[in-house]
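# Reading the structure
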Amino acid sequence: MLANVPLLADFPLFPVAASEQAPGIDALYWFITIISIVMTIVIFAALAYFAWVYHSKRHPHATQIEGSTKLELTWSILPFLVMLVMFAWGAQIFYRAQNPPKDAMEIFVTGKQWMWKIQYPDGTREIDELHVPVGQPVKLTMASEDVIHSFSIPAFRVRHDVMPGHYNSLWFTATKPGRYHLFCTEYCGNQHAGMIGWVDVLEPREYANWASGGGAQGSLAEQGEKLFQQNGCATCHLLDQQGRCPILRGLYNKPVQLNDGRTVLADDAYLRESILDPNAKIVAGFEPNVMPNFKGQLSEENVIQLIAYIKSLSPGGPASQQGTQQPAVVIAPRSANPPKVANAAQH
Ligand code: CUA
């Protein structure tokens, strides 16, 4: 009805709902909105009614009204139950949003003043343009190169802050092929408003066609392997025998015993930290200050490539990695005198 008014047609009240989670989020939104409207009407109606009835002209003598336990319990318990419904419903949506399905396809996003850089497992890279297949859960792993950004796709009802120094993630399953806006929704400098782009949702066949372009520089894991060699990582992280630094094969998503007695999971966050700030967590049996600090030496995109390489060394990693080529066994250059024990390596 309103859409027939020419101006309003260009400014829809809601963006289209183009993801699996959108209808559920909209339903909760409407539930809360309707409850709020109803409660506002009830409160203002009561206010007007009492103002009318107890106006000094109609009710010149004040009367003391004693409390009513029944009434007070009713207006405490009923709203409490309604709030609990909001809480439980919201918590369920939140919990689902925090837990991407295991078979989600992983795409990497790096925010940088003022653009979104996208990296695909096959090595393709794009700026301000995200291609996803329809009907397939997609998990975005996001990093920031500088300040806090916020990645938002209104049509999918997803948004997440992208904090420097962390990986943040969100996931969605697109349901309608088409082209949708993507925004930065956190003020991040004077060109924040220009930090926008498009999400292209393609039919699976079209997507396969689009993806077959492939990365000119090999898959993400292969790009990572190149960096691994270039930065000399391979001299200490030997693939099949103990070097000065821990073996990386089979490491991904496995528990790691640290020298302070803690055990941590070798997930993306751990690998990222260990690359940029190796002394933050030292593996049990190894010495600190062996590996140089790569903070400032490697971009977030480089770190994503390196992590993809490390993941590729762990068959049976996340599903998103299965599609990428598993590089053949890489023979790392061995130093002439590989130290046998880790603590011999202090020079
Ligand atoms: Cu990035 Cu606003």
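Residues numbered from 1 in each chain as written. Predicted model: local features only at pLDDT ≥ 70, side-chain atom pairs only at ≥ 80, totals over all residues. Heavy atoms only, no water.

### Considering the pairing of strand β1 (residues 105-112)
- Judged by how many residues are buried, β1 sits mostly within the fold: seven of eight residues are covered.
- For β1 and strand β5 (residues 137-144), the ladder comprises seven bridges, and the chain directions are parallel. If you follow Gly-111 over to β5, its bridge partner there is Ser-144.
- In this sheet, strand β2 (residues 115-119) lies alongside β1 in antiparallel orientation, the contact comprising five bridges. Within the sheet, the bridge partner assigned to Thr-110 lies in β2 and is Lys-117.
- Hairpin connection of β1 to β2: two residues between the antiparallel strands. (Buried < 20%, exposed > 50% of the residue type's maximum accessible area, 1.4 Å probe, protein only. Helix = DSSP H or I, 4+ residues; strand = E, 2+ residues; numbered from the N terminus. Pairing = 2+ DSSP bridges.)

### Some points on the packing of aromatic side chains
- Inspection of every chain in the model, using the stated rule, returns twelve aromatic pairs.
- Seen in terms of ring centroids, Phe-228 and Tyr-309 are 5.0 Å apart; in terms of plane orientation they differ by 55 degrees. Their pairing is tilted. Taken together, the positions of Phe-228 in helix α5 (residues 220-230) and Tyr-309 in helix α8 (residues 300-312) put the pair 81 residues apart, joining distant regions of the chain. For the residue pair Phe-228 and Tyr-309, the accessibility class agrees, reading buried in each case.
- Among the aromatic side chains, those forming a connected cluster through ring pairs are Phe-14, Tyr-29 and Trp-30.
- In this arrangement the basic side chain of Arg-58 is found over the ring face of Trp-52, its NZ or CZ atom lying 3.6 Å from the centre. (Phe/Tyr/Trp six-rings, centres within 6.5 Å; stacked < 30°, edge-to-face > 60°. Lys NZ or Arg CZ within 6 Å of the ring centre and 35° of its normal.)

### So, α8
- The end-to-end C-alpha distance of α8 is 18 Å, a good match for the 18 Å that 13 residues give at a rise of 1.5 Å each.
- By the criterion of burial, α8 is predominantly enclosed, with 13 of the 13 residues buried. (Expected span 1.5 Å × (residues − 1).)

### Observations concerning the side chain of Ser-144
- You can see Ser-144 is positioned in strand β5.
- By relative accessible area, which is 3% here, Ser-144 ends up buried.
- A polar side-chain atom of Ser-144 sits 3.2 Å from the main-chain amide nitrogen of Asp-146.
- From its side chain, Ser-144 meets the backbone oxygen of Val-147 in a polar contact 2.5 Å long. (Polar contact = N/O pair within 3.5 Å; in protein donor to acceptor, adjacent residues only side chain to side chain.)

### A look at the nonpolar core
- Counting 34 residues, the largest nonpolar core has Phe-228, Val-256, Tyr-270, Leu-271, Ile-275 and Val-303 as its most contacted members.
- Those elements that place two or more of their residues in this core are α5, α6 (233-236), α7 (268-276) and α8.
- In terms of residues, this core owes the most to one element, α8, which gives seven residues.
- Here this core spans two domains, and each of domain 1 (16-51 + 72-216) and domain 2 (220-312) adds at least three residues to it.
- Not counting residues up to four positions away in its chain, the partners in contact with Ile-275 are Met-291, Phe-294, Leu-298, Val-303, Leu-306 and Ile-307.
- Formed by 32 residues, the second largest nonpolar core is a distinct cluster that contains Trp-116, Phe-156, Leu-170 and Val-199. (Core = buried A, V, L, I, M, F, W, Y, C linked by side-chain atoms within 4.5 Å. Domains from an automatic or database assignment. Contact = heavy atoms within 4.5 Å.)

### Here we look at unusual backbone geometry
- Put simply, Gln-113 and Trp-114 share a cis peptide bond, and its omega is 0 degrees.
- With respect to the helices and strands, Trp-114 occurs in the loop between β1 and β2.
- Non-glycine residue Asp-128 carries a positive phi angle of around 55 degrees.
- Here Asp-128 lies in the loop between β3 (125-127) and β4 (129-133).
- By relative accessible area, Asp-128 is classed as buried at 18%.
- Located in the positive-phi region is Arg-157, a residue other than glycine, with phi close to 60 degrees.
- Tracing the chain through its elements places Arg-157 in the loop between β6 (149-153) and β7 (158-162).

### Remarks on the sheet that holds β7
- Taken together, five strands build an open sheet; the order of strands is β4-β10-β9-β6-β7 and the sheet is mixed. Unpaired on one side and paired on the other, β4 and β7 mark the two borders of the sheet. The mean inter-strand angle of the sheet, taken between neighbouring strand axes irrespective of direction, is 20 degrees.
- As paired strands, β6 and strand β9 (residues 178-184) are joined by two bridges and run antiparallel to one another. Across the sheet, Ser-152 pairs through a bridge with Phe-183, a residue of β9. (Axes fitted to C-alpha atoms, helices over the stretch in contact; angles between N-to-C directions.)

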